Amino acid sequence: MTGRRRGGAARERQDVVPHMAIDLRQESSTGFQVRLQQFEGPLDLLLHLIREQELDIYDIPIARVTDQYLLYLQRMEQLDLDVAGEFLVMAATLIELKSRLLLPRPPAPAVEEGPDPRAELVQRLLEYEKYREVASLLRDQEETCRLLYSRTVEVDPEELPPVPSAAVTTADLLAALKRVLERASAEKAPAAVIPRRRITLRLKMGEILRRLRESGGRLLFHDLFSPERTRTEVVMAFLALLELLRQRRVDAAQERCLGEIVIFQTAGEAAEVAAL
Amino acid sequence: MTAPEAAALLDEIRRGVECLLFVSPSPLSVREMALALEAEETLVERAVRELVARDPALSGLMVREVAGGFQMSTRPEYAAAVARFVGKRAQKLSRAALECLAIIAYNQPCTLPEVDAIRGVDSSGVAKSLLEKGLIRELGRKDAPGRPVLYGTTEEFLVYFGLRSLDDLPDQAALERLVSERAESLMEGAGEVSVEEARRMVEEVFPPDAPQPGGPARTDSGEPLQPC
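The following refers to the structure shown. Because the structure is predicted, anything quoted here is derived from the model rather than measured.

This part takes up the overall build of chain A. If you tally the helices and strands in chain A, you get 11 helices and 3 strands. Across the 276 residues that make up chain A, the buried fraction comes to 39%. Looking at chain A alone, contacts between residues at least 24 apart form 66% of all its contacts between residues at least 6 apart. Taken as a whole, chain A presents about 16,000 Å² of accessible surface, with 55% of it coming from carbon and sulfur.

Below you can see the structure in the form of structure tokens.
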């Protein structure tokens, strides 16, 4: 932001809010500058105002900081930047603090004054600043590591050692679904027009259980979808599988990293089938 | 085993370690290497540490201790050349992403509302991209209203920032010292709000040269208003 632009802003403001113009005069005398950089949030902006002017964080001149803070928000609006709700909440907090501090104190100072109304804000600022320090530390580490290149090999899944635990996570299932969907979209749809079939979760669940029975209680995840053509069918089959897993009627296991996921009947389900 | 024999064995293991580190796409632990080399872990550890400490003049590659294991990488001096060859790297992380990671790293397992409370802004978008990059992961759900998801950092997080473990980050006490030292250096001579300071605060809101509508401010009892 150039000095000329700031001057322009000052003139504009003078017509609207007189005391804002005064802040801008002070701005030039104290060397305070509002740079319209992007702040990560209200705390970031406040810390910036406090640290840049070397104010004491334990004794923040609330009136001054509040005005500067509001000034910044107004500039954001002038530039048609969206002022996020969080910034406005902080503005309200600051104005409230400012008004509380400006109220005359009780005549007898011996009376318990209670905690400084600014204490909570200071605590939040200090807590946030701690993590801002860590963030800048991480930034340094990132810069260092970006200069180092390590091998990124395309690994043959067949060569990978067995998965330490055969448990399949939701993420694995989703990744597998993605592969099936990719395959489904890669296969050309037939040229003929097929009437839309009604697919329900219940139907799909039944179908999966039937196919499991037919194949001796074990099915590859991949094969579960082999006859599917449309995305809807694939998605419904996947939802059906999730539902069956939830009901513990089937189980899933993966024998190696990136390997095929195997779906099998749970003991309970097998017993139920046998009973029928 | 005689001394020269032992030295020869260590050399042998060190060359093997080099091979494993060369082919591995992720950091390797001493145990993993020992299994592959069918060698004793203590010897593998010694061998890999020799590689870490190796004279930089000997190779364009180096071995670093990272994420509880060891990884081979190019030396930083050759970054420009490698970059010209392999092209641009992925974008650097945003400041919001770094802040979010910092908070999660120190408070894990922690929920997004907890992160938001510290940052003072919504972090859900940032968290989503960190999840996609594999720098954080879900650790379960917190037993609290809404059952919010708990997040923690991943091994990829350590690799990305070249950290051996989370202990490489300054501990809470060190952090607090860092921040309070910074605050104290600015605090010289500060204490109660001085009368002058208070007057200035008031004047900022009611500039002295501006006409004061009701004359000097007074309290209800008619006493002049004490600046606070």
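Here the focus is unusual backbone geometry. Glycine aside, residues mostly have negative phi, and peptide bonds are mostly found in the trans state. All names here are of chain B. The omega torsion of the bond from Gln 108 to Pro 109 falls at -5 degrees, within 30 degrees of zero and hence cis. The topology assignment puts Pro 109 in the loop between α5 (95-107) and β3 (110-111). If you check the backbone angles, Arg 147 has positive phi at about 40 degrees while not being a glycine. Within the secondary structure, Arg 147 sits in the loop between β4 (136-141) and β5 (149-153).

Before going further, it helps to spend a moment on helix α1 (residues 3-23) of chain B. All names here are of chain B. Helix length check: α1, at 21 residues, gives a terminal C-alpha distance of 31 Å against a target of 30 Å (1.5 Å per residue), a fit within 8%. Those residues of α1 not exposed but buried are Leu 10, Ile 13, Gly 16, Val 17 and Leu 21. Buried residues of α1, seen end-on, are gathered within an arc of 135 degrees and therefore sit on one face of the element. Packed against the buried residues of α1 are α2 (30-37), α3 (41-52), β1 (61-66) and β2 (69-74).

The next subject is the nonpolar core. Of all hydrophobic cores here, the largest spans 35 residues; its most connected members are Leu 138 of chain A together with Leu 93, Leu 101, Leu 130, Phe 157 and Phe 161 of chain B. When contributions to this core are tallied by element, the ones reaching two or more residues are α6 (119-145) of chain A together with α5, α6 (112-119), α7 (124-132), β5 and α8 (155-160) of chain B. The greatest single-element share of this core, amounting to 10 residues, is contributed by α5 of chain B. Excluding residues within four positions of it along the chain, Leu 101 of chain B makes contact with Leu 138 of chain A together with Leu 93, Leu 130, Leu 135, Ile 136, Thr 153, Phe 157 and Phe 161 of chain B. If you look at the next biggest cluster of nonpolar residues, it comprises 28 residues, including Leu 45, Ile 60, Val 65 and Met 90 of chain A.

Before going further, it helps to spend a moment on the pattern of salt bridges. Side-chain pairs of opposite charge can arise whenever the charged atoms involved come near each other. This model, assessed by the stated rule, comprises 23 salt bridges over all chains. Between Glu 142 of chain A and Arg 139 of chain A there is a salt bridge whose closest N-O contact spans 2.6 Å. On the criterion of helical spacing, the pair formed by Glu 142 of chain A and Arg 139 of chain A is a turn pair, its members being 3 residues apart in helix α6. Overall, the relative accessible area of 1% leaves Glu 142 of chain A in the buried class. For Lys 142 of chain B, the salt bridge is made with Glu 114 of chain B, and the minimal N-O distance between the two is 2.7 Å. Of this pair, Lys 142 of chain B sits in the loop between β4 and β5 while Glu 114 of chain B sits in helix α6, and the two are 28 residues apart along the sequence. Put simply, Asp 44 and Arg 132 of chain A together with Arg 95, Glu 99 and Arg 119 of chain B are held in one network by salt bridges that share partners.

Cut-offs used in this document
- Residues numbered from 1 in each chain as written.
- Chains lettered and ligands numbered in written order.
- Predicted model: local features only at pLDDT ≥ 70, side-chain atom pairs only at ≥ 80, totals over all residues.
- Heavy atoms only, no water.
- Helix = DSSP H or I, 4+ residues; strand = E, 2+ residues; numbered from the N terminus.
- Buried < 20%, exposed > 50% of the residue type's maximum accessible area, 1.4 Å probe, protein only.
- Contact = heavy atoms within 4.5 Å.
- Areas by Shrake-Rupley, 256 points an atom, 1.4 Å probe, with all protein chains shown as cover.
- Expected span 1.5 Å × (residues − 1).
- Arc of directions from axis to C-beta.
- Core = buried A, V, L, I, M, F, W, Y, C linked by side-chain atoms within 4.5 Å.
- Salt bridge = Lys/Arg side-chain N within 4 Å of Asp/Glu carboxyl O.

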